[in-house]
Amino acid sequence: MEASPTTRLSYFPTLLLLSFLPTPSSSSSSRSLATSVSCNKQDYTALMKIKASLLNPHHLASWIPNTDCCNWSFVKCTSNTNLNTELSIFEANISGQIPAEVGDLTYLNYLAFQQITNLTGTITKLKFLGTLLRCCNNLSGPIPSFLGQLTNLVYLELNFNQLSGSIPESLGKSISWLILSDNQLSGKIPKSFGDAHFDYINLLRNKLEGDASMLFISHNSFLSWDLPSLHAIPCNPILPLANGSTWNIEVASNTLAFNLSKVGFAKNLWRLDISHNKIFGSIPETITGSIEHLNVSYNQLCGKIPQGGKVQKFDSYSFYHNNVVRRSPLVKQRRM
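Just so we're clear, the structure is a prediction, and the values are computed from it rather than from any experiment.

Trainee: How do you make sense of the environment of K188 when you look at a structure like this?
Mentor: Secondary-structure assignment places K188 in strand β11 (residues 184-188). Sequence separation between K188 and L256 is 68 residues; the distance between their C-alpha atoms is 8.5 Å.

Structure below.
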């Protein structure tokens with residue numbers, strides 16, 4: 001039924017009122033979204049610049065402007081301050097330089113670029129960075145010198161790259177977890193590592209040579225302490241031993257050569273792999289502690305294998321290609 005002229009006229013004021021109501025514009029919508037972002041504004045700005053610098057890769061598709069960056073992929077914020085503390089990007093089709101804006105993530109503690117084969121650059125401004133993972137990135141050249149400037153760095157993983165040259169002494173200053181395996185590193189392990197406090201060190205499959213005894217506890221450690229007065233020493237002093245808490249030492253497949261009988265082992269040593277080197281001497285009795293994984297094969301060791309502890313459970317492959325013996329014959333177990 002057709003509306004009467006009176007009815008049609010009654011619609012007019014309503015239509016007229018609606019025509020004067022404000023409509024959402026793109027700018028007001030952006031302002032509304034921006035006010036809903038809970039992550040730190042400086043972090044948000046830095047992350048957007050990082051995305052632009054990397055040419056807006058599809059891998060970062062969740063990094064949408066004017067949305068909460070704490071909800072983006074590869075980003076983690078603290079629950080109380082909404083500061084960005086973790087950035088972890090892996091298996092991405094990204095190339096070029098690490099964006100300088102990464103250094104603007106002031107409170108970043110964890111940074112990982114893994115399995116990204118064409119990404120290089122430095123990150124010296126991250127003074128709170130504690131963990132850096134750059135595994136499997138096809139990195140080449142020497143270990144970056146700027147890592148020594150990251151004074152809070154305790155965990156460094158640069159394995160499965162093509163890094164060459166020597167290991168910087170600066171890596172022994174604050175780092176307790178050091179993983180440099182499967183590279184082309186050469187030269188000697190820094191002597192300064194003898195003053196470090198590594199919990200975990202992995203230098204497998206490189207071209208390192210010479211001494212590695214500094215990674216263990218020296219029998220002369222007690223003589224090396226600088227004590228002001230014997231009268232100041234308590235009856236049972238508890239003094240920190242360099243590398244006295246190391247529970248993982250892996251240096252296999254290098255050309256290291258040192259006298260193993262001159263070193264000691266931390267009581268909590270859990271894994272030791274020194275195979276495929278030129279290490280000589282005898283196996284110290286202190287190895288009979290809490291060790292669970294042992295491989296000293298393909299060296300130049302001699303003498304008797306220590307008795308007791310968990311050493312007895314290891315089969316002949318753990319000692320193969322040395323001149324070592326023990327009272328009971330080694331049981332050759334078939335590997336699966």
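Trainee: I'm lost on the state of the cysteines in this one. Help?
Mentor: Chemically, a disulfide is nothing more than a covalent bond linking the sulfur atoms of two cysteines. Counted under the stated rule, the structure contains 3 disulfides. Paired through a disulfide, C39 and C69 show a sulfur-sulfur distance of 1.9 Å. Torsion about the S-S bond of the C39 and C69 cystine: about 130 degrees, corresponding to right-handed handedness. Remark: C69 occurs in the loop between α3 (41-53) and β1 (75-77) and C39 occurs in the loop between α2 (26-36) and α3; sequence separation between them is 30 residues. Should the bonded cysteines of the protein chain be numbered as they appear in the sequence, the pairing reads 1-2, 3-4, 5-6.

Trainee: What is the right way to look at the pattern of salt bridges in this model?
Mentor: Where side chains of opposite charge bring their charged atoms close, a pairing between them can arise. All chains considered together, the criterion is met by 5 salt bridges. Here E292 ties to K310 by a salt bridge, and the two come within 2.4 Å at their closest N and O atoms. Of this pair, E292 sits in the loop between β19 (280-281) and β20 (293-295) while K310 sits in the loop between β21 (300-304) and β22 (323-325); the two residues are 18 residues apart in sequence, bridging distant segments of the chain. The partly exposed category is assigned to E292, whose relative accessible area is 25%. E292 is the salt-bridge partner of K313, the closest N and O atoms lying 2.7 Å from each other. Taken as a pair, K313 in the loop between β21 and β22 and E292 in the loop between β19 and β20 lie far apart in primary sequence, 21 residues in all.

Trainee: Whenever I open this one, the sheet that holds β11 confuses me. Can you help?
Mentor: The strands making up a sheet are joined through hydrogen bonds of the backbone, oriented either antiparallel or parallel. Across the sheet, which stays open at both edges, the 5 strands sit in the order β7-β9-β11-β13-β16 with parallel pairing between neighbours. Sheet topology places β7 (140-141) and β16 (255-256) at the edges, where each strand pairs with a single neighbour. Sheet analysis places β7 next to strand β9 (residues 162-165), joined by 2 bridges and oriented parallel. Bridging from a neighbouring strand, G141 pairs with L163 of β9.

Trainee: Would you take a moment to explain the sheet that holds β1 for this structure?
Mentor: Strand order in the open sheet formed by 10 strands is β1-β2-β4-β6-β8-β10-β12-β15-β18-β20, and the pairing between neighbours is mixed. Two strands close off the open sheet at either side, each with one partner strand: β1 and β20. Between one strand axis and the next, the sheet turns by 10 degrees as a mean value, whatever way the strands run.

Trainee: How should the packing of aromatic side chains be read in this particular structure?
Mentor: In this description, an aromatic ring pair is defined by two values, namely the gap between the centres and the angle between the planes. Considering all chains together, one arrives at 13 aromatic pairs under this definition. Between the aromatic rings of W177 and W247, the centroid separation amounts to 5.7 Å while the plane-to-plane angle is 70 degrees, which identifies the pairing as edge-to-face. A residue pair is termed long-range when its members are at least 10 positions apart, and W177 in strand β10 (residues 177-179) and W247 in the loop between α4 (221-224) and β15 (248-250) qualify at 70 residues. Residue classification places W247 among the partly exposed positions, given a relative accessible area of 26%. With centroids separated by 5.4 Å and ring planes inclined at 70 degrees, the aromatic side chains of Y200 and W247 adopt a geometry described as edge-to-face. Placement of Y200 in strand β12 (residues 200-202) and of W247 in the loop between α4 and β15 is noted, with a sequence separation of 47 residues between them.

Trainee: Quick question: what am I supposed to make of the nonpolar core here?
Mentor: One broad rule of soluble globular proteins: the nonpolar side chains tend to lie buried together. L111, L147, L171, F193 and L272 are the most contacted members of the largest nonpolar core, which totals 78 residues. Mapped by element, the contributors of at least two residues to this core are α3, β1, β2 (84-90) and β4 (110-114). Per element, the largest residue contribution to this core is 5 residues, and it comes from α3.

Trainee: Would you mind going over the pairing of β21 with me for this structure?
Mentor: Consecutive side chains of a regular strand alternate in pointing toward one face of the sheet and then the other. For β19 and β21, the ladder comprises 2 bridges, and the chain directions are parallel. From the neighbouring strand, G281 faces β21, where its bridge partner is L301. Bridge count for β21 against β22 is 3 bridges, and the pairing is parallel. Note on β22: the bridge partner recorded for G303 is V324.

Trainee: Help me understand α3 in this model?
Mentor: Because an α-helix packs 3.6 residues into every turn, residues spaced three or four apart end up facing the same way. The end-to-end C-alpha distance of α3, which contains 13 residues, comes to 18 Å, matching closely the 18 Å that a straight helix rising 1.5 Å per residue would cover. By the burial criterion, the buried members of α3 are D43, Y44, A46, L47, M48, I50 and K51. Buried residues along α3 sit in contact with β1 and β2. Just beyond α3, the residue with positive phi is L55, at close to 65 degrees.

Trainee: For this particular structure, what's the right way to read the environment of L185?
Mentor: Note that L185 resides in strand β11. By relative accessible area, L185 is classed as buried at 0%. C-alpha separation for the pair L185 and I167, spaced 18 residues apart in sequence, amounts to 7.1 Å. Among residues more than four places away in sequence, those in contact with L185 are I143, L163, S164, G165, I167, L180, N206, K207 and L208.

Trainee: I'm lost on unusual backbone geometry in this one. Help?
Mentor: Trans peptide bonds make up the majority, and among non-glycine residues the majority have a negative phi. With a phi angle near 65 degrees, L55 is a residue other than glycine that sits in the positive phi range. With respect to the element layout, L55 can be found in the loop between α3 and β1. Its identity as a non-glycine residue notwithstanding, N66 has a phi of 60 degrees, on the positive side. Along the chain, N66 turns up in the loop between α3 and β1.

Reading the values: the criteria
Residues numbered from 1 in each chain as written. Predicted model: local features only at pLDDT ≥ 70, side-chain atom pairs only at ≥ 80, totals over all residues. Heavy atoms only, no water. Helix = DSSP H or I, 4+ residues; strand = E, 2+ residues; numbered from the N terminus. Disulfide = S-S within 2.5 Å. Salt bridge = Lys/Arg side-chain N within 4 Å of Asp/Glu carboxyl O. Buried < 20%, exposed > 50% of the residue type's maximum accessible area, 1.4 Å probe, protein only. Pairing = 2+ DSSP bridges. Axes fitted to C-alpha atoms, helices over the stretch in contact; angles between N-to-C directions. Phe/Tyr/Trp six-rings, centres within 6.5 Å; stacked < 30°, edge-to-face > 60°. Core = buried A, V, L, I, M, F, W, Y, C linked by side-chain atoms within 4.5 Å. Expected span 1.5 Å × (residues − 1). Contact = heavy atoms within 4.5 Å.

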